[in-house]
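Chain and residue survey
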Amino acid sequence: MKPSVIITTSSWYTTLPDTHCRIGISRATPRGQPGGYRRYAALFPGAWFNSVPADEYVRRYQEEVLSRLDPQKTIDELVALASGRIPALLCFEAPEPGDDFCHRALVSCWLHETLGLEVLEFGQEHHGFGASHPKLPPHTRRPMRVSVQS
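The paragraphs below set out a description of the structure included in this document.

What counts and how
Residues numbered from 1 in each chain as written. Predicted model: local features only at pLDDT ≥ 70, side-chain atom pairs only at ≥ 80, totals over all residues. Heavy atoms only, no water. Pairing = 2+ DSSP bridges. Helix = DSSP H or I, 4+ residues; strand = E, 2+ residues; numbered from the N terminus. Contact = heavy atoms within 4.5 Å. Axes fitted to C-alpha atoms, helices over the stretch in contact; angles between N-to-C directions. Polar contact = N/O pair within 3.5 Å; in protein donor to acceptor, adjacent residues only side chain to side chain.

For the rest of this paragraph, the subject is the sheet that holds strand 4 (residues 86–91). Read across the open sheet, the five strands follow the order 3-2-4-1-5; overall the sheet is parallel. Unpaired on one side and paired on the other, strand 3 (38–39) and strand 5 (120–121) mark the two borders of the sheet. The pairing of strand 1 (residues 8–11) with strand 5 spans two bridges and is classified as parallel. In the sheet register, Thr-9 faces strand 5, and the bridge partner there is Glu-121. Sitting on the sheet, helix 3 (residues 103–115) touches strand 1, strand 4 and strand 5, and the angle it makes with strand 4 is about 140 degrees.

Below, the structure is given as structure tokens:
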């Protein structure tokens, strides 16, 4: 049975429908952002976020941030912040796949591995979630498995 909670990831610079609640998980917010967004500090990366290579970033984020959180409590808090809308977890990187990865993909992996949630990148849903999320470091990304029904 799949969980009924819907959560998505995106960039601060992506226009989202009114059905989504913009929740920042980056340490900062870009200048000029329209109001109405929320912030969720528990998913902010550490102060090292801009000074370590990708593999070290992934290791630190998993050990120092995600491993200290209760995934169900995190979901409950995000849903409460969204006040009836779809929580959209935001940070700076562009939504398209490429060489720049983003910690929002690590959150997608964590929520899939711990709760079975399929957290997709808004507008890039065809790339997948979890280990297929388009903002994972390219060398760690796995193709999305498509089930074939007979």
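What follows covers the side chain of Ser-11. Relative to the helices and strands, Ser-11 is located in strand 1. A polar side-chain atom of Ser-11 sits 3.5 Å from the main-chain carbonyl oxygen of Phe-92. Setting aside chain neighbours within four positions, we find Ser-11 in contact with Leu-90, Cys-91, Phe-92, Glu-93, Ala-94, Pro-95, Arg-104 and Glu-121.

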